[in-house]
Amino acid sequence: MALEIIELCTNCWACQPLCPSKAIYEAKPHFMIDPDKCNECSGDFEDSQCASICPIEGAILNEEGLPMNPPGSLTGILKLAA
Amino acid sequence: MQLPVINNTTSEAPKGGCSAGSCGSKDEQMSHLPEHIRQKVFNHPCYSEEAHHYFARMHVAVAPACNIQCNYCNRKYDCANESRPGVVSELHHPVQAVKKVLAVAATIPQMTVLGIAGPGDPLANPERTFETFRMLSEQAPDIKLCVSTNGLSLPEQVEQLSQYNIDHVTITINCVDPDVGAQIYPWIFWKNKRIKGREAAEILIAQQQKGLEMLVAKGILVKVNSVMIPGVNDKHLEEVSKIVKAKGAFLHNVMPLISEAEHGTYYGLTGQRGPTHEELQALQDACEGDMNMMRHCRQCRADAVGLLGEDRGAEFTMDKIEKMDINYPEAMKMRAEVHAAINEELESKRLARESKVQVINIQGIRKATNTRPVLMAVATKGGGVINEHFGHAGEFLIYEASSEGVRFIGHRKTTPYCEGDISCGDGESVLDKTLKVLAGCEAVLCSKVGYEPWGPLEAAGIQPNGEHAMEPIEDAILKVYEEMRAAGKLEAKADEQQKVA
């Protein structure tokens with residue numbers, strides 16, 4: 001099991017120092033998660049650390065390819081549009 | 001370590017206590033500060049209204065990460081044409097940042113202050129922030145260091161802050177009530193979890209207040225920034241002002257919410273408006289009874305360079321800096337000379353001002369105690385004098401003249417009416433914007449005013465005045481006020497036909 005960072009990432013560095021498995025690394029055009037190292041923080045933290053600080057909805061996907069922070073979940077903006 | 005410039009005699013604050021922006025006003029900005037604080041802020045453009053005409057600041061963008069979300073911030077934004085907090089064009093590693101600071105300090109000797117303000121929260125990036133401060137305190141001891149923060153991780157960082165000669169910290173405190181906070185902060189990252197809603201605001205507020213108390217206890221100067229959000233925290237900020245003053249903050253800076261829809265922030269997209277000039281001024285006046293208010297803030301970008309109100313960041317991109325050959329020890333000597341010259345100028349202006357104010361007071365204004373206050377706009381490029389053409393001004397400084405003297409009210413941004421060949425074709429609509437920006441002012445003092453805007457300005461009840469070019473701002477305003485008094489224009493309320501002779 002591993003999370004994935006996609007192109008919505010703004011390279012804000014917030015996640016990288018938090019990763020207990022050192023799975024997150026700086027890359028172009030955006031940060032990446034090493035799928036061999038990532039264990040979604042199981043055993044270390046209740047919540048995946050990168051997904052808990054990431055400010056961008058949809059930038060981090062779970063193993064099923066679904067956003068850890070779906071649209072509207074952090075900003076409330078989608079709710080308003082609906 | 002001995003700080004060769006800050007501590008030596010040439011760089012001491014001019015003695016006495018009259019600052020340009022508020023000389024003669026009832027709540028004079030710096031004179032009531034204790035001497036040890038005045039010595040720390042007299043050449044800090046963000047903390048001293050007078051200093052901001054002479055000294056420059058810069059921010060380095062080394063701190064991209066943030067541990068909270070504010071409803072007035074969009075973390076996706078990066079635009080070279082935008083001037084507001086949280087926005088940068090180029091993120092720096094600490095080594096690059098230090099290189100940039102040395103290049104700017106050698107090129108712009110008036111630069112006295114280096115701040116780390118983002119684009120995220122500097123204390124949410126402690127390694128990058130403190131590495132930058134450590135290198136700068138070693139390589140450029142003549143530069144003041146300061147940092148701004150949302151306060152969430154402040155208590156755990158106070159000890160380290162005090163180790164790097166950082167004697168100025170700005171905390172953004174928008175509320176002390178979690179129910180208000182829940183409308184401003186959708187979430188925080190706290191103890192390895194994302195916390196939302198009222199609970200998040202409660203933790204953030206507690207951390208901010210604790211951090212403020214710890215900094216004051218350490219003797220570190222604290223300025224509090226608050227964003228005024230009409231209908232959310234506007235009334236509440238008076239209470240915030242009282243509390244932070246009681247806890248020892250030395251300056252409160254109430255800033256207007258910036259919420260254009262195109263910035264894509266929650267407030268921008270939900271139509272939350274910012275305050276009008278009048279609402280902002282009214283709140284600043286209401287808070288002023290309680291503490292020293294700051295009115296000259298320009299809400300800089302997190303990578304701004306230069307005097308407040310200007311941004312020379314484009315001259316110092318990384319590729320340009322790489323080509324510069326900086327000998328900082330040499331530059332430091334030159335900087336010390338420039339600083340000494342500015343201090344001398346400030347001191348002589350202070351003396352001149354004191355004697356002139358006395359003369360004018362004797363001649364009349366003080367006697368005519370019931371003259372009404374008048375707002376005047378000033379176009380300046382810096383130096384504390386009227387030295388900008390009306391058509392080139394990107395902002396106007398607003399002053400209030402009254403029987404009490406002259407006090408600085410704030411600044412209002414506009415689009416320069418005429419930028420040479422670039423936008424003269426659009427002159428009319430730009431002038432309309434400027435007229436709106438100057439609403440409430442009865443005179444605009446510039447080094448020169450063109451023929452074209454003269455009529456519309458007069459028609460709007462704003463007397464154009466180009467007679468005081470290169471004169472100190474307060475002197476010129478007092479003269480115009482005295483002319484208005486002599487012409488009998490200050491006795492009644494302004495009516496639409498009044499004009500300065």
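Calculation criteria
Residues numbered from 1 in each chain as written. Chains lettered and ligands numbered in written order. Predicted model: local features only at pLDDT ≥ 70, side-chain atom pairs only at ≥ 80, totals over all residues. Axes fitted to C-alpha atoms, helices over the stretch in contact; angles between N-to-C directions. Helix = DSSP H or I, 4+ residues; strand = E, 2+ residues; numbered from the N terminus. Parallel < 35°, antiparallel > 145°, perpendicular 65-115°, else oblique. Left-handed = near helix turned anticlockwise from the far one by under 90°. Contact = placed C-beta atoms within 7 Å. Nonpolar A, V, L, I, M, F, W, Y, C, P; charged D, E, K, R; others polar. pLDDT = per-residue confidence, 0-100. Pairing = 2+ DSSP bridges. Expected span 1.5 Å × (residues − 1). Buried ≥ 20, exposed ≤ 12 C-beta atoms within 10 Å, placed from the backbone. Arc of directions from axis to C-beta. Right-handed = clockwise from strand over helix to strand, strands pointing away. Core = buried A, V, L, I, M, F, W, Y, C linked by C-beta atoms within 7 Å.

Looking now at the packing of helix 4 (residues 154-163) of chain B against helix 6 (residues 197-218) of chain B. Residue and element names in this part refer to chain B. One way to put it is that helix 4 packs onto helix 6 with a least axis distance of 8 Å and a crossing angle of 20 degrees. By the angle between their axes, helix 4 is roughly parallel relative to helix 6. By crossing handedness, the relation of helix 4 to helix 6 is classed as right-handed. In this structure, helix 4 contributes Leu154, Pro155, Val158 and Ser162 to the contact, and helix 6 contributes Gln207, Lys210, Gly211, Met214, Leu215 and Lys218. Looking at side-chain class alone, the contact of helix 4 with helix 6 contains five nonpolar, three polar and two charged residues.

This brings us to the confidence of the model for chain B. Residue and element names in this part refer to chain B. Overall, the prediction assigns chain B a mean pLDDT of 81, with 81% of residues at 70 or greater. Element-level pLDDT for chain B is lowest in helix 1 (residues 35-41), with a mean of 71, against a maximum mean of 98 in helix 5 (residues 178-181). Counting interchain partners and residues more than four positions distant, the pLDDT-below-50 stretch residues 420-425 has two contacts. The low-confidence segment residues 494-501 (pLDDT under 50) makes 14 contacts with residues lying over four places distant or belonging to another chain.

As a further point, take the interface of chain B and chain A. Contact residues are listed per partner, giving 18 residues for chain B and 16 residues for chain A. For the side of chain B that touches chain A, the elements supplying multiple residues, two or more each, are strand 6 (187-190), strand 7 (193-196) and helix 8 (266-270) of chain B. When residues in the side of chain B that touches chain A are grouped by element, the largest group, three residues, is from helix 8 of chain B. Here the side of chain B that touches chain A is composed, by residue class, of eight nonpolar, six polar and four charged.

Let's shift gears to the sheet that holds strand 6 of chain B. Residues and elements named next belong to chain B. Read from one edge of the open sheet, three strands run 2-6-7, paired in antiparallel fashion. Since the sheet does not close on itself, it has two edges, and those belong to strand 2 (68-69) and strand 7, each with one partner. Of the strand pairs in this sheet, strand 6 and strand 7 are connected by four bridges, and their pairing is antiparallel. Each residue of the ladder has a partner; that of Ile188, found in strand 7, is Ile195.

Turning to the packing of helix 7 (residues 236-246) of chain B against helix 9 (residues 277-288) of chain B, a few remarks are in order. Residue and element names in this part refer to chain B. Relative orientation of the contacting elements helix 7 and helix 9 amounts to 35 degrees, with a least axis distance of 9 Å. In terms of crossing hand, the pair formed by helix 7 and helix 9 is right-handed. Of helix 9, the residues touching helix 7 (which contributes Leu237, Glu238 and Ser241) are Leu283, Ala286 and Cys287. For the contact of helix 7 with helix 9, the class distribution of residues is four nonpolar, one polar and one charged.

With that out of the way, let us pick up helix 9 of chain B. All names here are of chain B. Over its 12 residues, helix 9 extends 16 Å from the first C-alpha to the last, a length consistent with the 16 Å expected when each residue adds 1.5 Å. Turning to helix 9, its buried residues number three or more, namely Leu280, Leu283, Gln284 and Cys287. Looking straight down helix 9, one finds its buried side chains confined to an arc of 100 degrees; they lie on one side. On its buried side, helix 9 packs onto strand 8 (221-228), helix 7 and strand 9 (251-256).

Residue and element names in this part refer to chain B. A large share of strand 9 lies buried, amounting to six of its six residues. When strand 8 meets strand 9, the two strands line up parallel, connected through six bridges. By the bridge assignment for strand 9, Asn225 is matched with Asn253. The β-α-β motif built from strand 8, the intervening helix 7 and the parallel element strand 9 has right-handed crossover chirality.

All names here are of chain B. Spatial strand order, 9-8-5-4-3-1-10: seven strands in an open sheet with mixed pairing. Edge positions in the sheet fall to strand 9 and strand 10 (305-306), since each has one partner strand and no second. Relative to strand 5 (residues 166-172), strand 4 (residues 144-149) runs parallel, the two being bridged by five bridges. Bridge pairing in strand 5 links Val147 to Val169. Set on the sheet, helix 9 makes contact with strand 8 and strand 9; between it and strand 9 the angle comes to about 165 degrees.

Turning next to the environment of Gly231 of chain B. You can see Gly231 of chain B is positioned in the loop between strand 8 and helix 7. With 10 C-beta atoms counted inside 10 Å, the residue Gly231 of chain B sits in the exposed group.

This brings us to the nonpolar core. Cys50 of chain A together with Val101, Val104, Tyr185, Val222 and Met228 of chain B are the most contacted members of the largest nonpolar core, which has 113 residues in total. Here this core gets eight residues from one element, more than from any other, and that element is helix 2 (residues 94-107) of chain B. Those residues in contact with Val104 of chain B, other than ones at most four positions away along the chain, are Met58, Met111, Val305 and Phe316 of chain B. Met376, Ile386, Ile473 and Ile477 of chain B belong to the second largest nonpolar core, which has 40 residues in total.

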